[in-house]
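A closer look at the structure
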Amino acid sequence: MGKFFISILKVIVAVVLINLLASFVYTRFDLTEDKRYTLSEPAVEVAQKFKTPVIVDVLLNGNIPAEFSKLKAETVQLLESFGSKNSNIKYNLVDPLADAENPQETVAQLQGLGLQPANVTVEENGKVSNELVFPWAMVNYKDQTVKVPLLKNKLGSTAEERINNSVQQLEYAFADAFTKLSIEEKKSIAVIKGNGELDDIFIADYLTTIRDYYNIGAITLDSVATNPQNVLDQLKGFDLAIIAKPTEAFTDQEKYVMDQYMVQGGKSIWMVDQVNMEMDSIYAGGGEAIAIPRDLNLKDLFFKYGVRINPVLVNDLYFTQIVLASGEGSDSQYNPLPWFYYPMVFSQNNHPINTNIEAVRFQFTSPMDVLENDYQKTILLQSSPLSKTDGIPRIVSLDMINQQPDRETYTNGNQPLAVLIEGSFTSMYKNRVKPLKLQNTLEEGPENKMIVISDGDVIKNQIRNGRPLELGYDKWTNSFYGNKEFLVNSTNYLLDNTGLINIRNKKVSIPLLDVKKIAEQKTKWQLVNIGLPVVLTLLFGLFFSYYRKRKFTT
C-alpha cells in the first residue's frame, strides 16, 4: 500500500508542477482540420495595434435558438483567439432584451441603431414559435463604436449553410472592424464628375459606408479643357477613382488624363451602361421605350486593358422583380412581377471580392468579351447559364411580363458582367499621337488594378422621402441584394496592401446536429448519457466490492 500512496503523491506533484509551469507559459493548439481557430497573419497584425482596451459586446446571450448558440460559441472562440494575441481585446456576452420593461421599445431602439434582428422560427417538441435574435457585436474603442454583423444570410441557404457562411466570415468581419478603429492615415477616393455621372444622393449609401475607411473627394473632368495638368495633378492625390454611370461621352483629352492617372498607379472602378435604357423611360412612354446604344468614347480604353462591353442587353431567367400597380385609386394593388432585364447574379466564390456574398442585382446590363492580352483578368460576376443577349435598337415593353419565355432560346449564358484586371499598365496612347501635352507622362506603369462593371446602376441606391436607402435594398419588393458588399469588397481589394481581404477566402465547415434525428432519438440518447454512466458505476462498485472480499477473505 505504501508504494501505491507514493505513486499517487508523485502524480499529484506532477500535476501541480505542470499547472505552475502553465501559469508562466501559455500556448494554444488548433487541432481542427480547417484551422479555423488559427488567425491569419493580417488579422493578427491589425489586432496587435491596440495599446488600450477594446471591448466587444456580443449580443448573443440569453435563451437563443440552437443554431445561434453555435454561432455564439464560434464567436467567443474567435474573440479569445484575438485576445491571446492582444490582451487589450476583451468581450462581454449581452442579452439585449434582458430586463427590458418594454421589449418592443427596446427592439425599436436597436433597429434605430441599424441592428436589424433575425426572425427565427423555432420548432421544439412539435411546437412552432418565432423568436427575435440580434446577431450583432459592438466593438468599442475609446469613443468609437463599430457594428459587426455576425449572421450571414444568403438566398436559399439552409440553417447549416447559414451558420457555415456566418462562421466563415467572422474573422474578416472582426478584423475589418479593428481596421476601421485603428486607421491612422486614410487613403483617398475620387468620385469622377463632369460626364453625366450619378448624382451624389444616388451613391450616398456607398459613400457613407466607405467613409469609415477612406477620405472622399470629387474631381470634375470639365476642367481638362482649360487646365488638364491641374486636373491630373489633383487626381494623382487620390488612390482610387470611382466612375459611376457616365451618360455623356468622354473627350479624347479627358480620356488621356484618366489613362495617365491609371498608368501612374491610380486604381479605378468603372460602372458603365453601354445601352441607353431606364425603367423611368418605359413608365413615361406608356409602358415601352426604345433601347439604343450609348457611346461613351471608352471602347478603345477598355479594349487596351482586355475587355469589350457589347451594346446588347442581357435577358436572364434568373431575374429580380419589379412592382407594377393594377386597379385604380384605393383599389390599386402592387404586384411583384418578373423582369428578365434585371438579372439576379450569383457569385462563383472564385475571389476574395465575391466570396460568400448575397446575389447582386443588375439592371439593363450588357455582356463583356474578355480578350487575350498580357493582363490577368478575373471574372467576378457573370449572368446565369439560362441567359441570352437581345440586340438593339429594340422596343422594350412591359408586355414581356405577360409572355412566357422560350427557354430553348436561352443558350448564350455565363456572360461576364464584372471583370477585375491586374498587371503592369501600359498607356493606350503608347506610340500614338497624344491629344494634349502633359508633364511627366508614362507609357509603361507599375503593377496596378482596375474593375470594369457593365452596369452603372449596380451602385445606385433608391430614395424614400428625399433620403437615400441602403444600397442593395429594393423598397418595392422589400428585398435585399449584395450590391453594397460587392462594391465595398471591390474597393477594399483594390486599396488593400495588407492582404486583409484575403481572409474572406478562408474555408470552414461547422458540423451541426440533425434536429429531426434529435427529436426521434431523444429518449435513446437520454438513457445512453444518463442511464449508462449510472449502470457502469454500479457494475464497477459491485466488481470492486467482490474483488476486495475475495482478496482479503482468504
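Scope of this entry: the structure provided in the associated data block. (Residues numbered from 1 in each chain as written. Predicted model: local features only at pLDDT ≥ 70, side-chain atom pairs only at ≥ 80, totals over all residues. Heavy atoms only, no water.)

Comments concerning the sheet that holds strand β16 (residues 333-345)
Pairing within the open sheet is antiparallel, and its three strands lie in the order β15-β16-β17. Of all strands in the sheet, those bounded by a partner on one side alone are β15 (319-326) and β17 (360-361). As defined by bridge partners, β15 adjoins β16 across eight bridges and the pair is classed as antiparallel. For A325, the partnering residue across the bridge sits in β16 and is Y334. (Pairing = 2+ DSSP bridges. Helix = DSSP H or I, 4+ residues; strand = E, 2+ residues; numbered from the N terminus.)

Here's the deal with the packing of helix α7 (residues 228-235) against helix α8 (residues 252-263)
If you want to describe how two helices pack, look at the angle between their axes and the distance between the axes. Interaxial distance between α7 and α8 falls to 10 Å at its minimum, and their mutual angle equals 35°. For the pair α7 and α8, the sense of crossing is right-handed. Within the contact between the two elements, α7 uses P228, V231, L232 and L235 and α8 uses V257, M258, Q260 and Y261. Partitioning the contact of α7 with α8 into residue classes produces seven nonpolar, one polar and no charged. (Axes fitted to C-alpha atoms, helices over the stretch in contact; angles between N-to-C directions. Left-handed = near helix turned anticlockwise from the far one by under 90°. Contact = heavy atoms within 4.5 Å. Nonpolar A, V, L, I, M, F, W, Y, C, P; charged D, E, K, R; others polar.)

Overview of the sheet that holds strand β5 (residues 136-141)
Strands belonging to one sheet form pairs held by backbone hydrogen bonds; the direction of such a pair is parallel or antiparallel. If you trace the four strands from one edge of the open sheet to the other, you get β2-β1-β5-β6, paired in mixed fashion. Of all strands in the sheet, those with a lone pairing partner are β2 (89-93) and β6 (144-149), marking the two edges. Strand-to-strand, the axes of this sheet are offset by a mean angle of 20°, without reference to chain direction. Taken together, the six bridges between β5 and β6 define a ladder with antiparallel strand orientation. Within β6, the position partnered with N140 by the bridge is T145.

Structural notes on α8
A rise of 1.5 Å per residue sets the reference length of α8, with its 12 residues, at 16 Å; its end C-alpha atoms lie 16 Å apart and thus fit the reference within 8%. Along α8, the residues that are buried comprise E254, K255, Y256, V257, M258, D259, Q260, Y261, M262 and V263. Directly after α8, the chain includes G265, whose backbone phi takes a positive value near 115°. (Expected span 1.5 Å × (residues − 1). Buried < 20%, exposed > 50% of the residue type's maximum accessible area, 1.4 Å probe, protein only.)

What to know about the nonpolar core
Ranked by internal contacts, the top residues of the largest apolar core, which has 75 residues, are F174, I453 and F486. Per-element accounting of this core gives the leading share, 10 residues, to helix α5 (residues 159-182). In contact with F174, other than residues within four places in its own chain, are V56, T75, L78, L79, F82, A137, V139, V148 and L150. With 38 residues, the next largest nonpolar core counts A190, L221, Y305 and L436 among its residues. (Core = buried A, V, L, I, M, F, W, Y, C linked by side-chain atoms within 4.5 Å.)

Some thoughts on unusual backbone geometry
Working note: non-glycine residues mostly have negative phi, and peptide bonds are mostly trans. A cis amide bond links I392 to the next residue, P393, at an omega of 5°. Turning to its location among the elements, P393 is positioned in the loop between β20 (387-390) and β21 (394-397). Positioned with a positive phi, N465 is a non-glycine residue whose angle comes to about 55°. By the element assignment, N465 lies in the loop between β24 (463-464) and β25 (467-468). On the accessibility criterion, N465 (75% relative accessible area) is exposed. The backbone phi angle of N478 is positive, close to 60°, even though this residue is not glycine. Among the secondary structure elements, N478 is positioned in the loop between β26 (473-474) and β27 (479-480).

Quick word on α7
Along α7, the residues that are buried comprise P228, Q229, V231, L232 and L235. Viewed end-on, α7 has its buried residues packed into an arc of 160°, placing them on one side of the element. Against the buried residues of α7 lie β7 (187-193), β8 (214-220) and α8. (Arc of directions from axis to C-beta.)

Comments concerning the environment of P416
For P416, the position within the fold is in strand β22 (residues 416-426). Relative accessible area serves as the criterion here: at 9%, P416 is assigned to the buried category. Sequence-wise, P416 and D369 are 47 residues apart; in three dimensions their C-alpha atoms are separated by 7.1 Å. Excluding residues that lie within four positions of it along the chain, P416 makes contacts with S366, P367, M368, V370, I379, L381, Q382 and S454.

Details of the side chain of N448
Position of N448 among the secondary structure elements: in strand β23 (residues 444-453). The exposure class of N448 is buried, given its relative accessible area of 2%. For N448, the side chain forms a polar contact with the main-chain oxygen of G266, separated by 3.0 Å. Residues in contact with N448, not counting those within four places in the same chain, are M262, G265, G266, K267, I421, E422, G423 and F425. (Polar contact = N/O pair within 3.5 Å; in protein donor to acceptor, adjacent residues only side chain to side chain.)

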